[in-house]
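Here's the letter readout for the chains.
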Amino acid sequence: HSSQNEQERRYYALFARIFSLEPRNHQEAYEMTRVAFDLSEKYHIPILLRLVTRLSHSRSEVVYGDKRDPNPLRRGDWQDWTLLPANARRRFAALLDIQQDLVREANSSPFNSLTLSPTSSLGIITSGIGYNYVQENINDLDQPPSILKISTYPLPLELIQQLMSAAQEILIVEEGYPFIEERLRGLLGVQDKIIRGKLSGDLPLTGELTPDTVRAALGLAPLPRLEIEEKLLASRPPQLCPGCPHYDTFVALKEALKGYSQATVFSDIGCYTLGALPPLSAIDTCVCMGASVSMAKGGAEAGLFPSVAVIGDSTFTHSGMTPLLDAAAANVNMTVVIVDNAVVAMTGGQPTYATGERLAQICAGLGVAPEHIRQIIPLPKNKEVNSRVIKEEIEYPGTSVVISTRECIQEVKKRAKRR
Ligand code: SF4
């Protein structure tokens, strides 16, 4: 939910025919990780640990197990790792051969649990964090329902069959896509049972689950809320930090683009994505790491002018270099602005692979004409000269790069604190 789209990794596991584990809390995430390594060694497949937004964005204490040494390294058979068609076909057959074993692992996994109710006709199938939201609310039901907690994929078929036999009405509570619900309904639906979940509209298809949405799906009245006057708590969208170098780059860029009716700024993933929001409103796209450069190239080739990419130093070294190689080889009429804050700021200040002069060398190595690799310092006092440099490179009818280098202000502060 905090990515570009609402991704659902269980489909990857299904597609790849591998085993997946879904924890409901951090303790389970820890324990499942250990189990995942064992299963991976046993079946020679990757195991997918499904983490959802709320779990990834929260913390809790975890009780450690015994420390284990890493397994000894061993070389694989080259025929298993060189996927020429003949090897790939053999490996796929081997993958199909273990599918029933994976189902058996799911049926016997201690992470799945089933509690049958002697009194209620309601059965709840829930997975991961959805289980917590169910637990938060079920004590308010008149009768305790049957609950199947699913933590493994392939789905534990035997446990699902037991729950279906015991319940008349099934509520499915799962984060993300209605993965379990779709499988349970199948193409033809389930006869003589009421199935409720995201597909029936009892739970929302968009956004995260919450204890409140699950409570409503259980037919319980909302809990009393503390009403807060709206004006007391104004919404505060995220912003660039005061003094951020990106701000000054965007101000200069906007100035340089004045008067071009078709100017399009393709941007990327990083703090500078916040340049999309007012008051800057300086970028037109942000899709995925490195997309700024390839989209600017595509835009330029489709006739857009000026076509500008804005990408950070670390995103550039991660996945902006190959599209720049491509653009420079064809000398596409576009300008790449590398907003170089000398650190991986958005994820907490990890070191960057290239900054300043090294970025210029990389761009030259990728084929950009050295005289069209310009370096500027984004400061308010340099606004005029910076916008002039950017405009000159926009007017150059080929591939140009402007590297705008000033250290992230948070890193400067951290260093000052340490001194
Ligand atoms: S963390 Fe650094 S780069 Fe990110 S917005 Fe703040 S000053 Fe700018």
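Residues numbered from 1 in each chain as written. Predicted model: local features only at pLDDT ≥ 70, side-chain atom pairs only at ≥ 80, totals over all residues. Heavy atoms only, no water.

### Brief notes about unusual backbone geometry
The general pattern is negative phi for most residues beyond glycine and trans for most peptide bonds. Our working definition: A helix here means a DSSP run of H or I that spans at least four residues, while a strand means a run of E at least two residues long, and both kinds are numbered starting from the N terminus. Each residue is assigned to one of three classes by its accessible area relative to the maximum for its type, calculated with a 1.4 Å probe on protein chains only: buried under 20%, partly exposed between the two thresholds, exposed over 50%.
With an omega of 15°, the peptide bond running from tyrosine 153 to proline 154 counts as cis. Examined against the element boundaries, proline 154 turns out to sit in the loop between β6 (152-153) and α8 (157-166). The peptide bond linking proline 278 to proline 279 adopts the cis configuration, its omega dihedral lying at 10°. As for its placement among the helices and strands, proline 279 is situated in the loop between β9 (264-267) and β10 (285-286). For arginine 17, which is not glycine, the phi torsion reads 55° and is therefore positive. Tracing the backbone shows arginine 17 in the loop between α1 (10-16) and β1 (19-21). Among the residues examined, arginine 17 registers a relative accessible area of 35% and is labelled partly exposed.

### Overview of the packing of aromatic side chains
The cut-off we apply is this: Aromatic rings from Phe, Tyr and Trp, taking only the six-membered ring of Trp, are treated as a pair when their centres fall within 6.5 Å; an angle between ring planes under 30 degrees marks them as stacked, one over 60 as edge-to-face, and anything in between as tilted. Note on criteria: charge over ring means Lys NZ or Arg CZ within 6 Å of the ring centre, with the direction from the centre no more than 35 degrees off the ring normal.
Inspection of every chain in the model, using the stated rule, returns five aromatic pairs. For the ring pair tyrosine 11 and tyrosine 177, a centre distance of 5.7 Å and an interplane angle of 65° mean the geometry is edge-to-face. Residue tyrosine 11 is found in helix α1, and its partner tyrosine 177 is found in the loop between β7 (169-173) and α9 (179-185); the two are separated by 166 residues along the sequence. Look at tyrosine 11 and you get partly exposed, because its relative accessible area is 23%. When its relative accessible area of 40% is taken as the criterion, tyrosine 177 is described as partly exposed. Judged by centre distance (5.6 Å) and plane angle (85°), the ring pair of tyrosine 153 and phenylalanine 179 falls under edge-to-face. Remark: phenylalanine 179 occurs in helix α9 and tyrosine 153 occurs in strand β6; sequence separation between them is 26 residues. Residue tyrosine 153 shares its accessibility class with phenylalanine 179, and that shared class is buried. If you follow arginine 183 out to its NZ or CZ, it ends over the ring of phenylalanine 179, 4.1 Å from the centre.

### Digging into the sheet that holds strand β3 (residues 113-115)
What holds strands together in a sheet is hydrogen bonding between their backbones, with the strands either parallel or antiparallel. Here is the rule we go by: A pair of strands is treated as paired once DSSP finds two or more bridges between them. To obtain each axis, a line is fitted to C-alpha atoms, and for helices this fit is confined to the stretch in contact; angles are then taken between N-to-C directions over 0 to 180 degrees. We call two residues in contact when some of their heavy atoms are within 4.5 Å.
Taken in spatial order, the five strands make up an open sheet running β3-β5-β4-β7-β8, and their pairing is mixed. Of all the strands in the sheet, the pair left with one neighbour each is β3 and β8 (194-196). Direction aside, the axes of adjacent strands within the sheet are offset by 15° on average. Bridging between β3 and strand β5 (residues 146-150) involves three bridges; their strand directions are antiparallel. The residue of β5 that forms the bridge with leucine 114 is leucine 148. Packed on one face of the sheet, helix α7 (residues 129-137) meets β4 (122-127), β5 and β7 and runs near 140° to β4.

### Re the site of the ligand
Short version of the rule: The nearness test applies per residue and asks whether one of its heavy atoms lies within 4 Å of the molecule or strand. Residues are grouped as follows: Ala, Val, Leu, Ile, Met, Phe, Trp, Tyr, Cys and Pro are nonpolar; Asp, Glu, Lys and Arg are charged; all remaining types, including Gly, are polar.
By nearness alone, every residue bordering the ligand is listed as Leu240, Cys241, Cys244, His246, Cys271, Asn341, Ala345, Cys408, Ile409 and Gln410. Here the shell around the ligand is composed, by residue class, of seven nonpolar, three polar and no charged.

### Some thoughts on the pairing of strand β13 (residues 373-376)
The test is simple: Think of it like this: strands point away, you trace from the first strand over the helix to the second, and a clockwise trace means the crossover is right-handed.
Pairing of β13 with strand β14 (residues 399-405), which is carried by four bridges, proceeds in the parallel orientation. Bridging across to β14, isoleucine 373 finds its partner in valine 401. In terms of handedness, the path from β13 via helix α15 (residues 383-395) over to β14 forms a crossover that is right-handed.

### Section: empty space enclosed by the protein
Note the following rule: Here the term cavity refers to a set of points on a 1 Å grid, laid over the protein atoms alone, in which a 1.4 Å probe fits but cannot get out; the term pocket refers to an open set having protein on both sides within 12 Å along at least five of seven lines, with lining residues being those that place an atom within 4 Å of a point. Grid points are joined across faces, edges and corners, and a volume is the space filled by probe spheres set on the points.
This model, assessed by the stated rule, comprises one cavity of 30 Å³ or more. Phe305, Pro306, Ser307, Val308, Asn333, Met334, Thr335 and Ile394 are the residues that line the largest cavity. Looking at the lining of the largest cavity, its residues break down into five nonpolar, three polar and no charged.

### Overview of the domain arrangement of the protein
Where the parts come together, the accessible area they lose is often given as the size of the interface. Applied cut-off: Boundary definitions for the domains trace back to an automatic or database domain assignment.
With domains assigned, the protein is organised as domain 1 (10-108), domain 2 (113-217) and domain 3 (245-414). Taking only C-alpha atoms into account, the centre of domain 2 sits 48 Å from that of domain 3.

### Some words on the pairing of strand β12 (residues 334-340)
Burial runs high along β12: seven of the seven residues are buried. Both faces of β12 are covered, namely the face carrying Met334, Val336, Ile338 and Asp340 and the face carrying Thr335, Val337 and Val339. Relative to β12, strand β11 (residues 307-312) is paired through five bridges, and the arrangement is parallel. Bridge pairing links alanine 309 to valine 336 in β12. Handedness of the crossover joining β11 and β12 through helix α13 (residues 313-330): right-handed. Bridge count for β12 against β14 is seven bridges, and the pairing is parallel. Residue pairing in the sheet places valine 337 in a bridge with valine 402 of β14.

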